[in-house]
Amino acid sequence: MSRIGRLPVAIPAGVEVTLAEGNVVTVKGPKGTLERALPKEMEIKIEDGHVTVARPNDLKRMKSLHGLTRSLIHNMVVGVSEGYSKTLEINGVGYRAQKQGRKLVLNLGYSHPVEMEDPEGIESKVDGNKIIVSGISKEKVGQYAAEIRDKRRPEPYKGKGIKYADEVIRRKVGKTGKK
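Anyway, here's the lowdown on the structure attached to this text. (Residues numbered from 1 in each chain as written. Predicted model: local features only at pLDDT ≥ 70, side-chain atom pairs only at ≥ 80, totals over all residues. Heavy atoms only, no water.)

With antiparallel pairing, four strands are arranged side by side in an open sheet as β11-β12-β7-β13. Strands at the two margins of the open sheet, each flanked by one partner only, are β11 (122–127) and β13 (161–164). Going across the sheet, the axis of each strand differs from the next one's by a mean of 25°, ignoring polarity. Bridge analysis of strand β7 (residues 84–91) against strand β12 (residues 130–135) gives six bridges, and the strand direction is antiparallel. From the neighbouring strand, K86 faces β12, where its bridge partner is V133. (Pairing = 2+ DSSP bridges. Helix = DSSP H or I, 4+ residues; strand = E, 2+ residues; numbered from the N terminus. Axes fitted to C-alpha atoms, helices over the stretch in contact; angles between N-to-C directions.)

To continue, consider helix α3 (residues 138–150). The end-to-end C-alpha distance of α3 is 18 Å, a good match for the 18 Å that 13 residues give at a rise of 1.5 Å each. Among the residues of α3, those classed as buried are V141, G142, Y144, A145, I148 and R149. Buried residues in α3, looked at end-on, bunch into an arc of 165°, giving them a common side. (Expected span 1.5 Å × (residues − 1). Buried < 20%, exposed > 50% of the residue type's maximum accessible area, 1.4 Å probe, protein only. Arc of directions from axis to C-beta.)

Attention now moves to the layout of surface pockets. Put simply, the largest pocket is a space of about 220 Å³. Taken together, L34, E35, R36, L72, N75, M76, I136, S137, K138, E139 and K140 make up the lining of the largest pocket. Taken together, the elements giving at least two residues each to the lining of the largest pocket come down to β4 (32–37), α2 (60–81) and α3. Per-class residue counts for the lining of the largest pocket are four nonpolar, two polar and five charged. (1 Å grid on protein atoms, 1.4 Å probe; cavity = no way out; pocket = protein on both sides within 12 Å on 5 of 7 lines; lining within 4 Å. Points joined across faces, edges and corners; volume = space filled by probe spheres on them. Nonpolar A, V, L, I, M, F, W, Y, C, P; charged D, E, K, R; others polar.)

Further remarks concern the environment of P8. Here P8 is to be found in the loop between α1 (3–6) and β1 (9–10). Once you skip the residues sitting within four places of it in the chain, P8 turns out to touch H50, V51, T52 and R70. (Contact = heavy atoms within 4.5 Å.)

What follows covers the packing of aromatic side chains. For any pair of aromatic rings, the description consists of the separation of the ring centres together with the inter-plane angle of the planes. Following the criterion strictly, the structure yields zero aromatic pairs and no others. One cation-aromatic arrangement involves K86 over Y164; the distance from NZ or CZ to the ring centre is 5.3 Å. Above the face of the Y110 ring, R152 is positioned so that its terminal group lies 4.3 Å from the ring centre. (Phe/Tyr/Trp six-rings, centres within 6.5 Å; stacked < 30°, edge-to-face > 60°. Lys NZ or Arg CZ within 6 Å of the ring centre and 35° of its normal.)

Set out below in structure tokens:
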């Protein structure tokens, strides 16, 4: 039995979960509304403040979908009640970030500034050398943070670039002089 899929998802106060035809789950909360079509094979039940997911049989595909479905519902519930955020750090001489309305403008040592538009439902804030990406969808927050990081990934010699706040960069030793 799937250890994650078996766990019930608790619905906190102020959050409303509804199940429509074809396993379309809608989660409403204080931060917003999320809707997602989940695999039709899974049996989703909403009862006394909990959402439970059951699978019809023990095929490998069903086992895989069981834990996934439960995790997606849990992420939606946490998203609309608390929200998600990722922090990125900019390291490097002359590397800067600033906000212009909904645009994030990055100076990353290229000949031009890199401009990125915040996606719908995602907000980014600049605090010194930190960029904080926040929103209610875990998937969208992670994707946008990854796109920002891709503009200049950290390099292993000096550690210059954009990295996640909790990311550890493996450093390499540079060249040594001739003997």
